[in-house]
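Structure assessment
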Amino acid sequence: MFTRAVFVTVSLLTGCSTLPEDDSWSFTDGKGDGDGALSYGALALSKVPTSFDTTIAGLAVIDADVMPHEPKAVRKQLAELRDYLDLFAYAYPTSHGDPWKDIREELDDGYETIGEFKDMFDRQGVTDPRQAVYDPTELADKRAPVVAWTAELLAQRVDVRLYLAKPSPSNMHERDRDDLSQFFWGATKIEPSKSRSGLKNMAKLTRELLDLALEDYDTVLDVRDIHKVENQEVFHDFRKRIRSIGRMPGYFPAIMDPDDDVTEQLALLTEAVTKYGEINDLITKYAHEPDGDLKEEIADEWKALRDWQREHDFDNVLDDLHDAVRR
């Protein structure tokens, strides 16, 4: 869990400074790098602490009697916070150990731990929690680590927030690429630059992620028998890649050119993410309870999704989105 020692030095830090208004791409040159544009670190300050506060508030749902369907919203919020830490990894200092890495690992542990607990409800295929049936021993075994993880984060929340509220406003900190998420900076060969504004760094990253998705597109359509673990890596990587891409316009709306109407493309991307997620739920259920009928359902749904992508020229959808990201 969290190592308290790494937070000793941040306990003396003061709170957040007031952010300037971000003029985004409103400059005459259209670049958004002039006076008024937030730096990468300033953009981190505008996003990360608030996301952390929302996460802490959402964890109130987790108590000694929490049921598997209840942490759905806070797990989604936890995913946002983890994304922001990934996106702003280079803004956080690495002196006195690496609190960023410790926090990031614990958020990942919490996301996975809550996910395993939540799967107890999801795999039953019911919408009404009153219809869910649980084995008492399994319920207790899955609930205990969720409660323990939550208690540990809450115990450290003051020190964690102080650290997250102090990204470097102008410096970039070196990161071991092995520590980076493979669905943001870690998937690419680029790093954020001090010469670009925060939003321009996010726009460049989004284009890079779209390039990778386009490279993987034909490969993922060729995958078969995804009920088998050995065939799932390409499926999961593409699913998570387009999920990450889909989140970027929501996190940073200004990275999309308002003169390019990609409402339909974004809707199709969202629909694709949902469809991939539904098949992933089936795969998770199959891993827990292998069944011939479920195997056939996975195959049928995967074929339908591949056909859907071809019908909607999903590679062109990704290409259109790439063109609509501001430069």
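Let me begin by describing the structure that accompanies this report. (Residues numbered from 1 in each chain as written. Predicted model: local features only at pLDDT ≥ 70, side-chain atom pairs only at ≥ 80, totals over all residues. Heavy atoms only, no water.)

Quick word on the overall build of the protein chain
This is how the line gets drawn: Helix and strand assignments follow DSSP, with helices taken as H or I runs no shorter than four residues and strands as E runs no shorter than two, numbered in order from the N terminus. Any pair of residues with heavy atoms lying within 4.5 Å of one another is described as a contacting pair.
Counting its regular elements, the protein chain contains nine helices and zero strands. Listed N to C, the secondary structure of the protein chain is α-α-α-α-α-α-α-α-α in terms of helices and strands. For the protein chain, contacts bridging at least 24 residues in sequence account for 76% of all contacts bridging at least 6.

Quick notes on the packing of aromatic side chains
Put simply, the rule reads: Ring pairs shown here join Phe, Tyr and Trp side chains whose ring centres sit within 6.5 Å, with only the six-membered ring taken for Trp; geometry is labelled stacked below 30 degrees between planes, edge-to-face above 60, and tilted in between. Burial classes: relative accessible area under 20% of the type maximum marks a residue as buried, over 50% as exposed, and values in between as partly exposed (1.4 Å probe, protein chains only). In this analysis the charged atom, NZ for Lys or CZ for Arg, is taken to sit over a ring once it is within 6 Å of the ring centre and within 35 degrees of the ring normal.
Enumeration over the complete set of coordinates arrives at 15 aromatic pairs. Aromatic pair Y84 and F88: ring centres 6.3 Å apart, planes at 40°, arrangement tilted. Across the pair, exposure class does not vary: Y84 and F88 are buried alike. Of the aromatic side chains, those joined through ring pairs into one cluster are Y217, F235, F238, Y276, W302, W308 and F314. A cation sits over an aromatic face here: R75 above Y111, 3.7 Å from the ring centre. Above the plane of the ring of Y111 lies R82, whose end atom (NZ or CZ) is 4.1 Å from the centre.

Focus on the pattern of salt bridges
This is how the line gets drawn: The working definition used for a salt bridge is a side-chain nitrogen of Lys or Arg within 4 Å of a carboxyl oxygen of Asp or Glu.
Counted under the stated rule, the structure contains 16 salt bridges. The partner of D108 in a salt bridge is R82, and the shortest N-O contact between them spans 2.6 Å. Here D108 is found in helix α3 (residues 99–122), whereas its partner R82 is found in helix α2 (residues 72–87), with 26 residues between them in sequence. Of the residues examined, D108 reaches a relative accessible area of 26% and is grouped as partly exposed. Here D307 and R310 are joined by a salt bridge, their closest N and O atoms 3.6 Å apart. Taken together, the residues D307 and R310, both in helix α8 (residues 292–311) and three residues apart, mark about one turn of the helix. Look at R310 and you get partly exposed, because its relative accessible area is 41%. Because the salt bridges share partners, they merge into one network encompassing R82, D86, R104 and D108.

Here's the deal with the nonpolar core
To be explicit about the condition: We call a set of buried residues a nonpolar core when its members are Ala, Val, Leu, Ile, Met, Phe, Trp, Tyr or Cys and they connect through side-chain atoms within 4.5 Å of each other.
Among the nonpolar cores identified, the biggest contains 86 residues, and L87, F88, F252 and F314 are the most heavily contacted of them. The greatest single-element share of this core, amounting to 11 residues, is contributed by helix α5 (residues 198–221). In this structure F252 touches L43, K47, Y84, L87, F88, L199 and M202, once residues within four positions along its chain are discounted.

Brief notes about helix α9 (residues 314–324)
To be explicit about the condition: The directions considered for the arc run from the helix axis to the C-beta atoms.
Every buried residue of α9 is listed here: F314, V317, L318, L321, H322 and A324. Down the axis of α9, the sector holding all buried residues measures 165°, keeping them to one side. Where α9 is buried, its residues meet α5, α6 (232–251), α7 (263–288) and α8.

Quick notes on the packing of α5 against α6
The angle between the axes and the distance between the axes are what describe a pair of packed helices. The line we're drawing: For helices, the fitted line uses only the C-alpha atoms of the stretch in contact; every axis is such a line through C-alpha atoms, and the angle between N-to-C directions lies from 0 to 180 degrees. By the definition adopted for this analysis, an angle is roughly parallel if under 35 degrees, roughly antiparallel if over 145, roughly perpendicular if from 65 to 115, and oblique otherwise. A crossing counts as left-handed when the near helix is turned anticlockwise from the far one by less than a right angle, and as right-handed when that turn is clockwise. Under the convention adopted here, Pro, Cys and the residues Ala, Val, Leu, Ile, Met, Phe, Trp and Tyr are nonpolar, Asp, Glu, Lys and Arg are charged, and Gly plus all remaining residues are polar.
Packing of α5 against α6 brings their axes to within 10 Å, and their N-to-C directions diverge by 150°. Looking at the two axes, α5 sits roughly antiparallel to α6. Where α5 crosses over α6, the handedness of that crossing is left-handed. Judged by residue contacts, M202, L205, T206, L209, L210, L212, A213, D216, Y217, T219 and V220 of α5 engage V234, F235, F238, R241, I245 and M248 from α6. By residue class, the composition of the contact of α5 with α6 is 13 nonpolar, two polar and two charged.

Focus on the side chain of Q265
Here is the rule: Pairs of N or O atoms within 3.5 Å make up the polar contacts considered here, provided that, within protein, one atom can donate a hydrogen while the other can accept it, and that residues adjacent in sequence are counted only when both atoms are side-chain atoms.
Relative to the elements of secondary structure, Q265 occurs in helix α7. For Q265, a relative accessible area of 15% puts it in the buried group. For Q265, the side chain forms a polar contact with the side chain of D320, separated by 3.1 Å.

Structural notes on a negative patch on the surface
Cut-off, in case you're wondering: For patch building, the residue pool is restricted to those with more than 30% relative accessible area and no salt bridge; the joining distance is 9 Å between like charges and 5 Å between nonpolar side chains (Val, Leu, Ile, Met, Phe, Trp, Tyr). Using a 1.4 Å probe, accessible areas were evaluated by the Shrake-Rupley method; residue-level cover was limited to the displayed protein chains. The charge count includes Lys and Arg as positive and Asp and Glu as negative, but it does not include His or the ends of the chains. In this description, the location of a charge corresponds to atom NZ of lysine, CZ of arginine, CG of aspartate or CD of glutamate.
A surface patch of negative charge is lined by D211, E215, D259, D260, D261, E264, D319, D320 and D323. Secondary-structure elements contributing two or more residues to the negative patch are α5 and α9. Of all the elements, α9 adds the most residues to the negative patch, at three residues. Note that D323 resides in helix α9. The exposure class of D323 is partly exposed, given its relative accessible area of 47%.

No statement about biological role is implied by the geometric values presented.
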